[in-house]
Amino acid sequence: MELNGRVVVVTGGTRGVGAGIARSFVEAGAEVVVCARRRPEVPLPKTRFASLDVRDADAVRRFFAELPRLDVLVNNAGGAPYRLLADAGPERHLSVLELNLLAPLAVSLAAHERLKQTGGSIVMIGSVSGGRPSPGAAAYGAAKAGLENLARSMAVEWAPDVRVNTLVVGMVRTERSHLHYGDEDGIAAVSRTVPLGRLAEPSDVGAAAVFLASDAAAYISGASLLVHGGGERPAFLDAATVNKET
């Protein structure tokens, strides 16, 4: 899965999952451009940083128009704070939809011609939140569900020139995990709910992204690859009394 000489853009690529994805592409030999609104405090080795707000459609168009080459786009920028639906006005929820669904659409449209020239691919970073109830992150889950569907439609419309796939990502351990899961005891407890017994590392997501962008996945398009450690154990199994030792 070597990507020597290929140019990869990773949005939101300066920290967390995005940084892990960028590192994986560097290790695969690619030239990597990471985009974010703010420059990282510690630059990622062997990457080039570009200041870009993916919600600014004009800036996005200028950025891709100035790129001499593009082989892979990773739509990773996104996220949302914990916010119950009734605790915020519609404007707050709309901003989540904008960042997690509308921005990847705008970025993909701006990158399309460049990717078409190289026979490139797009990797959408989805979430398990798009396939299950997501209390406290309902707008985020809705956006990620839409993103996965958008990727499937793109894969059909833009074939055979551009492949489009989605990584459906579960819980990942990053420098901000404490905001979601608490201290080390909380992270350990959450990890025990995952069949593989741990949260993903950013490099796990990065390796999967490299695979989808590589020639090893040349016949894969419109697919959703689950990167979630086996998913979640159904709650009813622990609540049921059948077959329990007495």
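By convention here, each chain's residues receive numbers from 1 onward along its written sequence. Thresholds applied to this predicted model are a pLDDT of at least 70 for local features of residues and 80 or more for the giving and counting of side-chain atom pairs; totals over whole chains, interfaces and linings are not thresholded and use all residues. Each side-chain value is worked out from all heavy atoms of the structure, with water and hydrogens disregarded.

Asks: Got a minute to help me understand the pairing of strand β5 (residues 121-127) in this structure?
Replies: In the case of a regular strand, side chains alternate between the two sheet surfaces. Each residue's exposure class comes from its accessible area (1.4 Å probe, protein chains only) as a fraction of the maximum for that residue type: buried when under 20%, exposed when over 50%, partly exposed otherwise. Helix numbering and strand numbering both begin at the N terminus, where a helix is a DSSP run of H or I of at least 4 residues and a strand a DSSP run of E of at least 2. Buried residues dominate β5, accounting for seven of its seven residues. Burial of the side chains of β5 extends over both faces: S121, V123, I125 and S127 are buried on one face and I122, M124 and G126 on the other. Whether two strands pair comes down to DSSP finding at least two bridges between them. In this structure, strand β4 (residues 72-75) lies alongside β5, joined through four bridges in parallel fashion. If you follow V72 over to β5, its bridge partner there is S121. We call a crossover right-handed when, viewed with both strands directed away from the observer, the connection leading from the first strand over the helix to the second proceeds clockwise. Where the polypeptide runs from β4 across helix α3 (residues 90-118) and back to β5, its parallel neighbour, the crossover connection is right-handed. Note on the crossover from β5 through helix α4 (residues 138-157) to strand β6 (residues 163-169): the handedness is right-handed.

Asks: What is the right way to read the packing of aromatic side chains from this model?
Replies: How two aromatic rings sit relative to each other is given by the distance of their centres and the angle of their planes. Any two of the Phe, Tyr and Trp rings considered here, Trp counted by its six-membered ring, make a pair once their centres fall within 6.5 Å; the pair's planes then place it as stacked at under 30 degrees, edge-to-face at over 60, or tilted in between. On inspection of all chains with the given rule, the structure shows one aromatic pair. Pairing F63 with F64 gives two aromatic rings, centres 4.9 Å apart and planes at 80°, and the pair type is edge-to-face. Of the two residues, F63 and F64, neither departs from the other in class, the shared state being buried.

Asks: Help me understand the sheet that holds strand β1 (residues 7-11) in this model?
Replies: Strands in a sheet are paired, the pairing made by backbone hydrogen bonds, and the direction either parallel or antiparallel. Ordered by their spatial adjacency, seven strands build an open sheet running β3-β2-β1-β4-β5-β6-β7, and the pairing between neighbours is parallel. The open sheet has two edge strands with one neighbour each: β3 (47-51) and β7 (224-227). Adjacent strand axes in the sheet meet at a mean angle of 20°, parallel and antiparallel pairs treated alike. On the sheet, α4 packs against β5, β6 and β7 and is oriented at approximately 155° with respect to β5. Each axis is a line fitted through C-alpha atoms, taken for helices only over the stretch in contact, and angles between the N-to-C directions span 0 to 180 degrees. Here, two residues are considered to be in contact whenever any of their heavy atoms come within 4.5 Å of each other.

Asks: Just checking my understanding: could you explain the nonpolar core for this structure?
Replies: One recurring pattern in soluble globular proteins is that nonpolar side chains are buried together. Counting residues in each nonpolar core, the largest one holds 31 residues, and the members touching the most others are V8, I21, F25, V32, V74 and L167. I21 has contacts with V10, V74, N76, I125, P202, V205, G206 and A209, leaving out every residue within four places of it along the chain. Definition used in this section: a nonpolar core is a set of buried Ala, Val, Leu, Ile, Met, Phe, Trp, Tyr and Cys residues joined via side-chain atoms within 4.5 Å.

Asks: What's the story with helix α1 (residues 16-27) in this structure? I'm lost.
Replies: One turn of an α-helix holds 3.6 residues; hence residues three or four places apart share an orientation. With twelve residues, α1 extends 17 Å from end C-alpha to end C-alpha; this agrees with the ideal 16 Å at 1.5 Å per step. For α1, the tally of buried residues reaches ten of twelve residues, placing the bulk of the element in the interior. Considered for burial, the residues of α1 that qualify are G16, V17, G18, A19, G20, I21, A22, S24, F25 and V26. Where the residues of α1 are buried, they touch β1, β2 (31-36), β3, β4, β5 and α7 (202-213). Helix span is expected to be 1.5 Å times the residue number reduced by one.

Asks: Any chance you could explain the environment of A209 here in plain terms?
Replies: Tracing the backbone shows A209 in helix α7. Taking the C-alpha atoms as reference points, A209 and G79, 130 residues apart in sequence, are found 18 Å from one another. Residues contacting A209, with those up to four places away along its chain left out, are I21, F25, V123 and L167.

Asks: Explanation requested: a positive patch on the surface in the structure shown.
Replies: A surface patch of positive charge is lined by R15, R37, R38 and R176. As for its position among the elements, R38 is in the loop between β2 and β3. A patch consists of residues exposed above 30% relative accessible area that lack any salt bridge, with like charges linked at up to 9 Å and nonpolar side chains (Val, Leu, Ile, Met, Phe, Trp, Tyr) linked at up to 5 Å. Computed with a 1.4 Å probe, the accessible areas rest on the Shrake-Rupley method; for each residue, only the protein chains presented here act as cover. Any carboxyl oxygen of Asp or Glu that lies within 4 Å of a side-chain nitrogen of Lys or Arg is treated as forming a salt bridge with it. As used throughout, the charge tally considers Lys and Arg to be positive and Asp and Glu to be negative, leaving His and the chain termini uncounted. All charge positions are set by atom: Lys at NZ, Arg at CZ, Asp at CG, Glu at CD.

Asks: Explain the packing of α1 against α7 here, please?
Replies: Think of two packed helices as two axes; the pair is described by the angle between the axes and how far apart they sit. As a packed pair, α1 and α7 sit with axes 7 Å apart at the nearest point and diverge in direction by 50°. One element, α1, and the other, α7, form an angle in the oblique class. You can see that α1 and α7 cross each other, and the crossing is right-handed. Every residue of α7 that contacts α1 at G16, V17, G20, I21, S24 and F25 is listed here: P202, S203, V205, G206, A207, A209, V210 and A213. By definition in this entry, angles of less than 35 degrees are roughly parallel, angles greater than 145 are roughly antiparallel, angles of 65 to 115 are roughly perpendicular, and the rest are oblique. A crossing counts as left-handed when the near helix is turned anticlockwise from the far one by less than a right angle, and as right-handed when that turn is clockwise.

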